[in-house]
Amino acid sequence: MDSPKRARWLLRLLSCIRFDEVLVLQGAPLLGAVFAMGHFTHQSAALLLLLAAGNAFLVAHVFMLNDWSGVHHDLRDPTRSAGVFLNRGIRRNEIGALLLILLLLSLMAFSQLGRTTLVIGLMIAVASALYSVPHVYMKGIPLANSLLHVVSGLLHFLLGYSVFKNPDMNGLQIGLFFATIFSAGHLTQEVRDCDADFCNGIQTNAVKFGKKQSFIASFVLFTLADALLIALAMKGTVPQLLALLVAAIYPVHLYWMLQALREGLTFEAVRRLQARYRVLYAGIGIAMVVFVILA
């Protein structure tokens, strides 16, 4: 393979990474680090950059493993088939090699941040394997898959927290907010993908219990997460201004959720809802950073 062909192949291979999802999942560990680090210094800035790099590699690995494992399901999903790596001229063994390289790079980065961070990174990788790898495939086990997302969401926050402080009760309490949000978002995604999962014989919560029931359960979890953050704000564990912010955006989220219900929980309606509530929670994340720094 000559140099131009190799470059085009590499770009095509890297284009299979879900960069948008990788960006979205940078939030929890970076916020964990912000809550734990205390004063911002040049050294802490360097550690944050290393954490961001390691987490980007890890999250890319997680999604690549999911795509590698579920490639035949995705080929039968009309909403995903066009983007499947096999349809881009990339072989499955090439994706397998890439996801292993991404995991190695992430663990190398975490090893420079301390033993606790490295262990948590490994635990997240194991949870990802339990969710995606064939013959285990907890994605297709109702309730267990949501519990796995709660654990993974908590670990993801503690990944960043552990860079500056050993996980403690405050870290666990704040991390539980992110864990609940993560699990609620996963349930929403199951509702979005319910029709395709049903055709592929994947027993997600939405397939097992129904779209509407799973959608309501997801919003109950979002509500619990918001209530937890308000309680933590009133307690002083997180900045108190966050309570006012959450109280202000909750009715907006509720309105959008009811709108998606009225539209019949179609693929497009749920995807639009996802984009909207991600903006809301990104705003909460930015506010957390600002309030913590000001405090």
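This text follows the structure it describes.
This report concerns the structure included in the present document. Here the structure is a predicted model, which means the values were calculated and not measured. Throughout this description, residue numbers start from 1 for each chain and increase along the sequence as written. Owing to the predicted nature of the model, reporting of local features is limited to residues with pLDDT of at least 70; listing and counting of side-chain atom pairs is limited to 80 or more, with chain, interface and lining totals taken over all residues. Heavy atoms throughout the structure, all of them, feed into the side-chain values; hydrogens and water do not.

1. A few points about the overall build of the chain
- Each helix is a run of DSSP H or I of at least 4 residues and each strand a run of E of at least 2, with the numbering of both proceeding from the N terminus. Assigned secondary structure in the chain consists of 14 helices and zero strands.
- Helices and strands appear in the chain in the N-to-C order α-α-α-α-α-α-α-α-α-α-α-α-α-α.
- All radius of gyration figures rest on C-alpha atoms, and the globule criterion is 2.2 Å times the number of residues raised to 0.38. For a compact globule of 295 residues, the expected C-alpha radius of gyration is about 19 Å, and the chain comes in at 19 Å, within 12% of that figure.
- Structurally, the chain occupies a C-alpha span of about 55 × 50 × 35 Å along its principal axes.
- When each of the 295 residues of the chain is scored for burial, the buried share is 48%.
- In what follows, residue pairs with any heavy atoms lying within 4.5 Å of each other are defined as contacts. Across the chain, every contact between residues at least 6 apart in sequence was considered, and the portion connecting residues at least 24 apart equals 72%.
- Here the Shrake-Rupley method, with its probe set to 1.4 Å, supplies the accessible areas, and only the displayed protein chains count as covering residues. Only carbon and sulfur atoms are counted for the fraction: they give 69% of the accessible area of the chain, which is about 14400 Å². Classification of residues uses two cut-offs on accessible area relative to the type maximum, computed with a 1.4 Å probe and protein chains only: under 20% is buried, over 50% is exposed, and between them is partly exposed.

2. Here we look at unusual backbone geometry
- Residue His135 is not a glycine yet carries a positive backbone phi of 75°.
- Checked against the element boundaries, His135 lands in the loop between helix H7 (115-132) and helix H8 (144-164).
- With relative accessibility at 86%, the residue His135 sits in the exposed group.
- Phi angles above zero are rare outside glycine, and Tyr137 is one such case at about 45°.
- Structurally, Tyr137 can be placed in the loop between H7 and H8.

3. A few points about the nonpolar core
- Counting residues in each nonpolar core, the largest one holds 55 residues, and the members touching the most others are Phe177, Phe178, Val238 and Met288.
- The greatest single-element share of this core, amounting to nine residues, is contributed by helix H14 (residues 267-294).
- Not counting residues up to four positions away in its chain, the partners in contact with Phe178 are Ala28, Leu31, Gly153, Phe157 and Met288. To qualify as a nonpolar core, a set must consist of buried Ala, Val, Leu, Ile, Met, Phe, Trp, Tyr and Cys residues joined through side-chain atoms within 4.5 Å.

4. So, H14
- A helix is expected to span 1.5 Å multiplied by its residue count minus one. Under the 1.5 Å per step criterion, the end-to-end length of H14 is 41 Å for 28 residues, consistent within 8% with the ideal 40 Å.
- Taken together, the buried residues of H14 touch helix H3 (27-37), helix H9 (169-192), helix H12 (211-235) and helix H13 (241-262).

5. Thoughts on the layout of surface pockets
- Of the grid points, spaced at 1 Å and generated over the protein atoms alone, those admitting a 1.4 Å probe that cannot get out make up cavities, while open sets with protein on both sides within 12 Å along at least five of seven lines make up pockets; any residue with an atom within 4 Å of a point is treated as lining. Grid points are joined across faces, edges and corners, and a volume is the space filled by probe spheres set on the points. By volume, the second largest pocket amounts to about 180 Å³.
- Around the second largest pocket, the lining residues are Val34, Phe35, Met37, Gly38, His39, Phe40, Val292, Ile293 and Ala295.
- Looking at the lining of the second largest pocket, the elements that each hand over two or more residues are H3 and H14.
- A total of three residues in the lining of the second largest pocket trace back to one element, the largest contributor, which is H3.

6. Looking at H3
- Of all the eleven residues making up H3, nine are buried; the element is thus mostly covered by neighbouring parts of the structure.
- Lining the buried residues of H3 we find helix H4 (42-69), H8, H9 and H14.
- Directly after H3, the chain includes Gly38, whose backbone phi takes a positive value near 75°.

7. Quick word on the environment of Tyr250
- The residue Tyr250 is located in helix H13 in this model.
- For the pair Tyr250 and Asp226, spaced 24 residues apart in the sequence, the C-alpha separation amounts to 7.9 Å.
- Residues contacting Tyr250, with those up to four places away along its chain left out, are Phe219, Thr223 and Asp226.

8. Considering the packing of aromatic side chains
- Side-chain rings of Phe, Tyr and Trp (the six-membered ring for Trp) are treated as a pair once their centres are within 6.5 Å; stacked means planes under 30 degrees apart, edge-to-face means over 60, and tilted covers the remaining angles. Applying the stated criterion across every chain yields a total of seven aromatic pairs.
- Judged by centre distance (5.7 Å) and plane angle (35°), the rings of Phe219 and Tyr250 are tilted. With Phe219 in helix H12 and Tyr250 in helix H13, this pair connects stretches of sequence that are 31 residues apart.
- Through a chain of ring-to-ring contacts, the aromatic side chains of Phe35, Phe157, Tyr161, Phe177 and Phe178 assemble into a single cluster.

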